[in-house]
Amino acid sequence: MNAALSRAGSSLYATLERVAVFIVLGLLWEKAVDIFAIKPYLLPPLSSVLRSVWHNRVMLLDQALVTGGEIVLGYAAAVLGGVLIALAIFAWPIAYRMFYPVLVLFQGLPKIALAPLMVIWVGYGTSSKVLMAFMFAFFPVVISTLGGLAGTPEHLVEHFRAIKASPWTMFRRLQLPAALPSIMDGCKTAMPLAVIGAIVGEFVGSQRGLGYLILEANAQARTDLLFAALVAISALAGVLYWIVELLANRVWWRAL
Amino acid sequence: MVAGIVKISILRKGALEAAIRVVRVSKTFVGADEVRALDDVTFDVGRGEFVSILGPSGCGKSTLLRIVAGLIMPDAGGTVEVLGHSQTAPSNDVGVVFQTHNLLPWLTLEANIRLAAEVQGIAAAEISERVEAMLPALKLESFRKAYPHQLSGGMRQRTALGQALVRQPQVLLLDEPFAALDALTRDQLNVELLRLWQEIRKTVILVTHSIAEAVFLADRVLVMSDRPGRMMEDLRIELPRPRDPHSTKGRPDFSRYVLHLGALMGIA
């Protein structure tokens, strides 16, 4: 067998391994509901969940687009804001002394508890969900950016000093690229947090989105629809994380 | 003292114009414990001269080199002049190569070399010209698109040398640039360094703890004592140039220099 075929074979095998886990878990679910005679309003069998997904596919997609939009906006704000906050803290020691303690205190707050306040402040619309996604997601970006900047190898900093690089050149050509692998780690951590933020935002006050759909399905005791919404959320979160990971993989110089 | 070895005092070399003048330089690092790294060091290096600074590890020779480079300041009272200017900050006249290479992992070999010149504000076309002229001399032509992690240790140090040379400094400061390499690669790079130096005739200070390397390369060897580093010896090496590993290292006077320096450093 030639190399290309062997590679294709092993990648097919790896895919099978991944799919196999889901199939086994799915079968266990389906059979367990049957064997233990679990009532459908507690745990519907997988087949009826999948049926519900298929029946409600248009509606699920619409709601996923709503929630997805909130997540993407909040996440983008978190990455941008997190990096900017970190840069300010890194560049100005006074910003570090003044704002870092505030930031850490804020991070200690259960942000779920802030959700009702956000609705009061910015209303029932998209903005309160975007704000929640932002608040959940920005902190790891700040921390990872700061860590990356501080972790710039000392001998490279000395080299840049020796060639008389300006602070701006040092930042743009050394510190920022050196920090990128760490920043990417922060971005990966932040993605699922943004999802949680948006869903929590929808729980507190909303007429649209997958979080709202979960509450609605719950109120109507339609557990199959609730699970369908959960499937949609995991699919959405998975796709978004995968996109972030693809972008992060472009920063290939980590751990060299 | 061994015959044929002539000690040259700083004053007697007045004929040679000094490129580097180090006067009464001391350095104490203040911290939890005060460490006196250098104690009253005075020497100068003539224009185009190749000087090796030899000393045991931890004797402050790297500190001395960083002071000459303007990266750290000596204690009050000491002065460093490079090409007539007081060296209180890094300058474009001076190129430095450290033991650990300074290559950015996210840039290709060529981009790494270019960067050092770009920072200096040299026009892109001029940089390209310099790089094209330099890559063959450094034997790096076919690796220009490679990233540092794809290069051998020797190639990385050659690239680091290229980073310094592309800026066309008048003075080259080398801090054990080949110390991390295996003996064979190291010897080979020393030969190449010598050939390069013969072409460009820059003023060079090489810091090393290898006696044979210091003697083989240099016009003069300065020997430093253990910490706090003091100048113990200023020895002119009268070996003919061009030098090559076989004939030069086979000469009786080469062995005499090595023995003499070894005795000074207490390892002969």
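Residues numbered from 1 in each chain as written. Chains lettered and ligands numbered in written order. Predicted model: local features only at pLDDT ≥ 70, side-chain atom pairs only at ≥ 80, totals over all residues.

Please set out the overall build of chain B residue by residue, giving values where relevant.
Broken down by element type, chain B carries eight helices and ten strands. For 268 residues, the compact-globule estimate of 2.2 N^0.38 gives 18 Å, and chain B sits close to it at 18 Å. C-alpha extents for chain B along the principal axes are approximately 50 × 45 × 40 Å. Residues counted as buried form 41% of the 268 residues belonging to chain B. Of the contacts formed within chain B by residues at least 6 apart in sequence, a portion of 71% connects residues at least 24 apart. (Helix = DSSP H or I, 4+ residues; strand = E, 2+ residues; numbered from the N terminus. Rg over C-alpha atoms; globule rule 2.2 N^0.38 Å. Buried ≥ 20, exposed ≤ 12 C-beta atoms within 10 Å, placed from the backbone. Contact = placed C-beta atoms within 7 Å.)

Which residues make up the domain arrangement of chain A, and what values do they have?
Taken as a whole, chain A is organised into domain 1 (1-38) and domain 2 (44-248). Relative placement of domain 1 of chain A and domain 2 of chain A: their C-alpha centres are 31 Å apart. (Domains from an automatic or database assignment.)

So what's going on with the interface of chain B and chain A? Which residues, and what values?
Each partner contributes to the interface: chain B provides 14 residues, whereas chain A provides 14 residues. Its residues assigned to classes, the side of chain B that touches chain A shows ten nonpolar, four polar and no charged. (Nonpolar A, V, L, I, M, F, W, Y, C, P; charged D, E, K, R; others polar.)

Would you mind going over the confidence of the model for chain B in detail, with residue names and values included?
When pLDDT is low, close inspection of the predicted coordinates is not appropriate. The predicted model of chain B has a mean per-residue pLDDT of 88, with 93% of residues at 70 or higher. Contacts from residues 1-15 of chain B, a stretch scored under 50 in pLDDT, to residues over four places away or in other chains number 18 contacts. (pLDDT = per-residue confidence, 0-100.)

So what's going on with the sheet that holds strand β3 (residues 50-54) of chain B? Residues and values would help.
Residues and elements named next belong to chain B. The strand order across the open sheet built from six strands is β6-β7-β8-β3-β9-β10, with neighbouring strands paired in mixed fashion. With one partner strand each, in any of the chains shown, β6 (94-97) and β10 (231-236) form the two edges of the open sheet. Averaged over neighbouring strand pairs, the angle between their axes works out to 15° when direction is ignored. As paired elements, β3 and strand β9 (residues 220-224) share four bridges and run parallel to each other. Within the sheet, the bridge partner assigned to S52 lies in β9 and is V221. (Pairing = 2+ DSSP bridges. Axes fitted to C-alpha atoms, helices over the stretch in contact; angles between N-to-C directions.)

Talk me through helix α10 (residues 223-248) of chain A; I want residue IDs and the actual numbers.
Taking 1.5 Å of rise per residue, 26 residues should cover 38 Å, and α10(A) covers 37 Å from first to last C-alpha, within 8% of that figure. Turning to α10(A), its buried residues are A:D224, A:L225, A:L226, A:F227, A:A228, A:A229, A:A232, A:I233, A:L236, A:A237 and A:V244. (Expected span 1.5 Å × (residues − 1).)

Mind laying out the domain arrangement of chain B, listing which residues take part and the relevant values?
Residues and elements named next belong to chain B. Here chain B is described as being made up of domain 1 (1-93 + 170-268) and domain 2 (103-168). One C-alpha centre belongs to domain 1, the other to domain 2; they are set 26 Å apart. Facing nine residues of domain 1, the contacting portion of domain 2 comprises ten residues. Per-element tally for the side of domain 1 that touches domain 2: the top contributor is helix α5 (residues 183-200), with three residues. Along the lines of polarity and charge, the residues of the side of domain 1 that touches domain 2 split into seven nonpolar, two polar and no charged.

Residues and numbers for the nonpolar core, please.
With 73 residues, the main nonpolar core has B:V68, B:L173, B:I205 and B:V221 as its most contacted residues. Residue contacts for B:L173: discarding those within four places in its chain leaves B:L65, B:V68, B:A69, B:V94, B:G95, B:V96 and B:I205. One finds A:I85, A:V130, A:V141 and A:V200 within the second-largest nonpolar core, a separate group that totals 56 residues. (Core = buried A, V, L, I, M, F, W, Y, C linked by C-beta atoms within 7 Å.)

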